Amino acid sequence: QVQLVESGGGLVQSGGSLRLSCAASGFTLDSYAIGWFRQAPGKEREGVSCISSSTGATYYTGSVKGRFTITGDTVKNTVYLQMNSLKPDDTAVYYCATIKRCLVGLGPVYYWGQGTQVTVSS
């Protein structure tokens with residue numbers, strides 16, 4: 001069974017940092033790409049970043065490029081999203097998901113995690 005468990009969310013001040021974790025089970029990271037999405041109240045869910053362990057490809061949406069870094073640990077079967085220089089606009093529920101591909105943007109989603117709340121205060 002495919003399972004994704006997010007952790008690491010919390011409340012931080014503007015300019016602070018958080019590291020989100022997505023622990024995967026039921027598959028290995030070379031079988032799916034992993035994407036991070038976020039959804040703020042009243043807004044559509046958007047793709048933030050993704051990584052493909054099989055190809056080494058990564059992607060970041062323009063609003064987080066240079067501030068966020070996605071990495072994968074194949075031994076722990078975990079993907080991380082290091083978020084630096086956080087802004088109030090980054091406030092959202094962050095979800096990880098298995099996706100079909102990570103090329104220019106995030107491909108179709110297969111499975112979702114439950115999400116973790118990130119709140120950035122001004």
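Shown above is the structure to which this text applies.
Everything in this summary refers to the structure shown in the same document. These numbers come from a predicted model, not from an experiment.

## What to know about the overall build of the protein chain
Here comes step 1: Within the protein chain, the regular secondary structure consists of zero helices and 13 strands.
Here comes step 2: Taken from the N to the C terminus, the helices and strands of the protein chain come in the order β-β-β-β-β-β-β-β-β-β-β-β-β.
Here comes step 3: For 122 residues, the compact-globule estimate of 2.2 N^0.38 gives 14 Å, and the protein chain sits close to it at 13 Å.
Here comes step 4: In terms of overall dimensions, the protein chain has C-alpha extents of about 40 × 25 × 25 Å along its principal axes.
Here comes step 5: Across the 122 residues of the protein chain, 41% fall into the buried class.
Here comes step 6: Long-range contacts, defined as pairs at least 24 residues apart, comprise 59% of the intrachain contacts of the protein chain with a sequence gap of at least 6.

## Remarks on the packing of aromatic side chains
Here comes step 1: Applying the stated criterion across every chain yields a total of four aromatic pairs.
Here comes step 2: Between Phe27 and Tyr32, the ring centres sit 5.1 Å apart and the planes meet at 90°, which makes this aromatic pair edge-to-face.
Here comes step 3: Following the ring pairs from residue to residue traces out a cluster consisting of Phe27, Tyr32 and Tyr110.
Here comes step 4: For Arg19, the ring lying beneath its charged end belongs to Tyr80, and the centroid distance is 4.2 Å.
Here comes step 5: In this arrangement the basic side chain of Arg45 is found over the ring face of Tyr95, its NZ or CZ atom lying 3.9 Å from the centre.

## A look at unusual backbone geometry
Here comes step 1: The residue Asn77 is not glycine, and still its phi comes out positive at about 55°.
Here comes step 2: Residue Asn77 is classed as buried on the basis of its relative accessible area, which comes to 11%.
Here comes step 3: Backbone geometry at Ser85 places phi at a positive 50°, although glycine is not the residue there.

## As for the pairing of strand S4 (residues 33-39)
Here comes step 1: For S4, the tally of buried residues reaches six of seven residues, placing the bulk of the element in the interior.
Here comes step 2: Pairing of S4 with strand S9 (residues 92-99) involves seven bridges; the strand directions are antiparallel. Among the inter-strand pairings, Gly35 is bridged to a residue of S9, identified as Ala97.
Here comes step 3: Between S4 and strand S5 (residues 46-51), which follow one another and run antiparallel, lie six residues, and Gly42 among them has a positive phi close to 80°.

## Some points on the pairing of strand S13 (residues 116-121)
Here comes step 1: Judged by which residues are buried, S13 turns out to be one-sided: Thr116, Val118 and Val120 face inward and are buried, whereas Gln117, Thr119 and Ser121, on the alternate face, are not.
Here comes step 2: Direction of pairing for S9 relative to S13: antiparallel, over a ladder of three bridges. The partner of Tyr94 across the bridge, within S13, is Thr116.

## Considering the state of the cysteines
Disulfides are covalent bonds that link the sulfur atoms of two cysteine residues.
Here comes step 1: For the structure on display, the rule yields two disulfides.
Here comes step 2: There is a disulfide in this structure between Cys22 and Cys96, and the S-S distance comes to 2.1 Å. As the torsion about the S-S bond is roughly 70°, the Cys22-Cys96 disulfide counts as right-handed. One end of the pair, Cys22, is in strand S3 (residues 18-25); the other, Cys96, is in strand S9, and 74 residues separate them in sequence. For the pair formed by Cys22 and Cys96, the shared burial category is buried.

## Quick look at the nonpolar core
Among soluble globular proteins, nonpolar side chains are generally buried collectively.
Here comes step 1: One finds Ile34, Trp36, Phe68, Val79, Leu81, Met83 and Tyr94 to be the most contacted residues of the largest nonpolar core, which totals 26 residues.
Here comes step 2: Where this core is concerned, the elements lending two or more residues are S3, S4, S5, strand S7 (68-73), strand S8 (78-83), S9 and S13.
Here comes step 3: Not counting residues up to four positions away in its chain, the partners in contact with Val79 are Leu20, Ser21, Cys22, Leu29, Ile34, Trp36, Ile51, Ile70, Thr71 and Gly72.
Here comes step 4: In this structure, Phe37, Cys50, Ala97 and Cys102 belong to the second largest nonpolar core, which totals six residues.

Parameters and conventions
- Residues numbered from 1 in each chain as written.
- Predicted model: local features only at pLDDT ≥ 70, side-chain atom pairs only at ≥ 80, totals over all residues.
- Heavy atoms only, no water.
- Helix = DSSP H or I, 4+ residues; strand = E, 2+ residues; numbered from the N terminus.
- Rg over C-alpha atoms; globule rule 2.2 N^0.38 Å.
- Buried < 20%, exposed > 50% of the residue type's maximum accessible area, 1.4 Å probe, protein only.
- Contact = heavy atoms within 4.5 Å.
- Phe/Tyr/Trp six-rings, centres within 6.5 Å; stacked < 30°, edge-to-face > 60°.
- Lys NZ or Arg CZ within 6 Å of the ring centre and 35° of its normal.
- Pairing = 2+ DSSP bridges.
- Disulfide = S-S within 2.5 Å.
- Core = buried A, V, L, I, M, F, W, Y, C linked by side-chain atoms within 4.5 Å.

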